[in-house]
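What follows is each chain in one-letter form.
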Amino acid sequence: MTSIFKTVLASALLCAAATVHCQELKIGFVNLDRVLRDAAPAKAAQAKLEGEFTRREKDLADSEARLKSASDRFEKDAPALGESERARRQRDLMEQDRELQRRRREFQEDLNQRKNEELASVLDRANRVVKQIFDQEKYDLILQEAVFAGPRVDITDKVIKALNSGSIK
């Protein structure tokens, strides 16, 4: 009987010690999605990407419209065309379509690469801000991903404010 009592008492003391110890921890949480959506450097990166890629995207859309128009014209004219002319125009349309698909893939690859570069830059700056807050405010732990986090531990607004002010060491 006494060994059960000792075990229960030890468990209770451990729980009490753990509760006291947890209250001493200073924990923070950063919502990276909000940082990447709301911070000025993230918005600037998005605007920069749009500026770089808008013209190419418009050119691709224009090429797609021209190809569709040519395809519609071919469909309308096909019954009246001779066999060799119909085959030639069909080949031309297929080549234009392949070229357009190649250009679309290159565009998408270039856009993805630049997005990744800009994202990496913003994330690096955000991580430096988080580290600065961690050091200055003496946090024990700052998380960037959590299933749930209360507003008491959420330091996202501090991070966004620091990023917007440019106060990064």
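A. Just unusual backbone geometry, in detail. The phi torsion at lysine 138 lies on the positive side, around 55 degrees, for a residue other than glycine. Checked against the element boundaries, lysine 138 lands in the loop between α4 (83-136) and β2 (141-143).

B. Representation of the side chain of serine 63 within the structure. Relative to the helices and strands, serine 63 resides in helix α3 (residues 40-77). Judged by its relative accessible area of 11%, serine 63 falls in the buried class. Those residues in contact with serine 63 that lie beyond four places of it in its chain are Leu100 and Arg103.

C. Region of interest: the nonpolar core. Counting 15 residues, the largest nonpolar core has Val30, Val35, Ile155, Val159 and Leu163 as the members making the most contacts within it. Elements that contribute at least two residues to this core include exactly α2 (32-38), α4 and α5 (156-165). Every residue in contact with isoleucine 155, bar those within four places of it in the chain, is listed here: Phe29, Val30, Ile133, Tyr139 and Ile142. By size, the runner-up hydrophobic cluster in this structure holds twelve residues, among which are Leu49, Phe53, Phe74 and Leu93.

D. Spatial organisation of the side chain of arginine 114. Note on placement: arginine 114 falls in helix α4. At 2.8 Å, the side chain of arginine 114 forms a polar contact with the side chain of glutamate 117. One polar contact links arginine 114 to glutamate 118, side chain to side chain, over a distance of 2.8 Å. Look past the residues within four positions of arginine 114 in its chain and what remains in contact with it is Lys48, Leu49, Glu52 and Phe53.

E. Inspection of α4 at higher detail. In a regular helix each residue adds 1.5 Å, so 54 residues correspond to 80 Å; α4 covers 79 Å between its end C-alpha atoms and thus fits that length. Phi for lysine 138, located one or two positions after α4, is positive at around 55 degrees.

F. Fine view of the environment of leucine 49. With respect to the secondary-structure elements, leucine 49 resides in helix α3. It is 8.3 Å that separates the C-alpha atoms of leucine 49 and glutamate 118, two residues lying 69 residues apart in sequence.

G. Molecular detail of the layout of surface pockets. Size it by volume and the largest pocket reaches roughly 160 Å³. What lines the largest pocket is simply Leu36, Ala42, Ala45, Gln46, Leu49, Lys115, Glu118, Leu119 and Val122. Contributing elements (two or more residues each) for the lining of the largest pocket: α3 and α4. The class makeup of the residues in the lining of the largest pocket is six nonpolar, one polar and two charged.

H. Quick peek at the packing of aromatic side chains. Under the criterion given, the structure shown has one aromatic pair. Positioned above the aromatic ring of tyrosine 139 is the side chain of lysine 26, whose terminal nitrogen or guanidinium carbon lies 4.7 Å from the ring centre.

Cut-offs used in this document
- Residues numbered from 1 in each chain as written.
- Predicted model: local features only at pLDDT ≥ 70, side-chain atom pairs only at ≥ 80, totals over all residues.
- Heavy atoms only, no water.
- Helix = DSSP H or I, 4+ residues; strand = E, 2+ residues; numbered from the N terminus.
- Buried < 20%, exposed > 50% of the residue type's maximum accessible area, 1.4 Å probe, protein only.
- Contact = heavy atoms within 4.5 Å.
- Core = buried A, V, L, I, M, F, W, Y, C linked by side-chain atoms within 4.5 Å.
- Polar contact = N/O pair within 3.5 Å; in protein donor to acceptor, adjacent residues only side chain to side chain.
- Expected span 1.5 Å × (residues − 1).
- 1 Å grid on protein atoms, 1.4 Å probe; cavity = no way out; pocket = protein on both sides within 12 Å on 5 of 7 lines; lining within 4 Å.
- Points joined across faces, edges and corners; volume = space filled by probe spheres on them.
- Nonpolar A, V, L, I, M, F, W, Y, C, P; charged D, E, K, R; others polar.
- Phe/Tyr/Trp six-rings, centres within 6.5 Å; stacked < 30°, edge-to-face > 60°.
- Lys NZ or Arg CZ within 6 Å of the ring centre and 35° of its normal.

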